[in-house]
Structures are given as structure tokens and as C-alpha cells.
Amino acid sequence: MADQLSLYNNALLEVGERALSSLSDNTETRRLLDRAWTDAVDMCLSAGLWRFATRTAQQAPSTSVEPDFGYRLAYEHPGDMVRTKGMFVDEYCLVPLLAYRSERNYWFTDAEPIYVSYVSNDNAYGGDMGSWPVEFARYVEAYLASRIITRLTQDREQWNLVYQLTKRRLTEAASSDAMEGPTQFLPPGTWVEARYGRSTGRRDRGSRSRLIG
């Protein structure tokens, strides 16, 4: 189970620094990690379509924003969203919403309601360190190490080692996360859409002989 102190100490281990005894230690490394921590979780969550951090919500149109032209409805982005996974017109998230425009913190569309699947930093989702998979925690540790290494050393080779470690940990975390989900099917090709129409999302999710995920 990950916690902030263990993440800090494992990041320090990666750069060859002494571990902290607490989050209040009066050291330069703790202060550097505190600065890196301010956006570390959101940055790492935004790097993948993590299943453990996925939240799906039905959205209602905004009552305070009325588009002047084009799409007639505005939907505000959820406050805990760090990355969109998909937008749908049905509650089972099988039929994607294709006709929309995103501007600033709103989506504009004519569909009502809409269902949004996204990576969340809420404390009950991606912000819950206690529920992080081990591989994701290792990625966060490497990310923290990469953020402080240049202030601790001018060694270009050491910096590159930490940078490569971060990339590898991200790949490992993403691969492990993908294995946790159900089997998916490739979407229908253009020939299928031409024969049956573009509403195939309600009828068929593509050839069952072509598995992915």
C-alpha cells in the first residue's frame, strides 16, 4: 500500500539519497520532493487511461451557459477529471458520442444526457494512494526522482538513467493496467459501416474473431 512517505523514500533511493524519517524532515530533498509532489499525481494519472482511476458519470447540461450558435447544449468538465477516456450517448457506454466540440472547460453538443468516462483524481478514485497498483506506485516514484535529479546532481548520465527508468515504469504500469480489463473487440471497419449503416454500435461491436486487449 502506497503512502506519500514511502513514495518519497523510494524516489530518493532511485537517486542515491538518504531516506526521510517523516514528511516534516528539514532537508533539501524533502523540500524538493514537496515541490515536485504538487502536480505529480495529476501528471502521472494523465499519462494513461488507468482502469483503477476510471470514473463514469452521467452529465446534465449547464443551466448557466447557453451557446450563441451551433450545438445547443453545454456540459461542464468534471472538476476531478484529469483525462477523458470516452463520451457516450447511452448508459452502458457502448455508443460513442461523435458530434461534439470541446472548448475550455465545456463540451458542446446536441445530445442529452451524455455519459463521460474519465480518469479521476478524486480521493475515491485515482487520488486514493492506498488503492494504487504496485506498478503505478513505482511509476510515480520514478517520476518524482526525475523531477529532483537535476537539482541534486549535474551528472548527465545519472539523469538519463532516471529518465529511462521513468519511461520503463510507465510502460510496465500501463501494460499491467490493461491486463485487468475485459476482452475488447476491434471497432467495425468501413465496409461493415457502409453495409449496415453507422449505427453499428447498437447492433454489433465488430468481428468477434478479432480480439484485442
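Model, not experiment: these values are computed from the prediction.

Conventions used here
Residues numbered from 1 in each chain as written. Predicted model: local features only at pLDDT ≥ 70, side-chain atom pairs only at ≥ 80, totals over all residues. Heavy atoms only, no water. pLDDT = per-residue confidence, 0-100. Helix = DSSP H or I, 4+ residues; strand = E, 2+ residues; numbered from the N terminus. Contact = heavy atoms within 4.5 Å. Core = buried A, V, L, I, M, F, W, Y, C linked by side-chain atoms within 4.5 Å. Buried < 20%, exposed > 50% of the residue type's maximum accessible area, 1.4 Å probe, protein only. Pairing = 2+ DSSP bridges. Axes fitted to C-alpha atoms, helices over the stretch in contact; angles between N-to-C directions.

With that settled, consider the confidence of the model for the protein. Scored by pLDDT, the protein has a mean of 87; 85% of the residues are at 70 or more. For the protein, the element scoring lowest by mean pLDDT is strand E8 (residues 211–212), at 38; strand E6 (residues 114–120) scores highest, at 98. Taken together, the stretch residues 185–213 has pLDDT below 50 and engages in 31 contacts with residues farther than four places along the chain or on a different chain.

Our next topic: the nonpolar core. Residues Trp132, Phe136 and Leu144 are the most contacted members of the largest nonpolar core, which totals 31 residues. At nine residues, the largest contribution of residues to this core is made by helix H3 (residues 134–152). Setting aside chain neighbours within four positions, we find Leu144 in contact with Leu7, Tyr8, Ala11, Leu33, Ala36, Trp37 and Ala40. Judged by nonpolar contacts, the second largest core, of eleven residues, contains Ala57, Leu73, Ala111 and Tyr118.

Turning next to the sheet that holds strand E1 (residues 54–59). Two strands in a sheet stick together by hydrogen bonds in their backbones, pointing the same way (parallel) or opposite ways (antiparallel). Strand order across the open sheet formed by three strands is E1-E6-E3, with antiparallel pairing between neighbours. Of all the strands in the sheet, just E1 and strand E3 (81–88) have a single pairing partner and so form its edges. The mean inter-strand angle of the sheet, taken between neighbouring strand axes irrespective of direction, is 30 degrees. When E3 meets E6, the two strands line up antiparallel, connected through six bridges.

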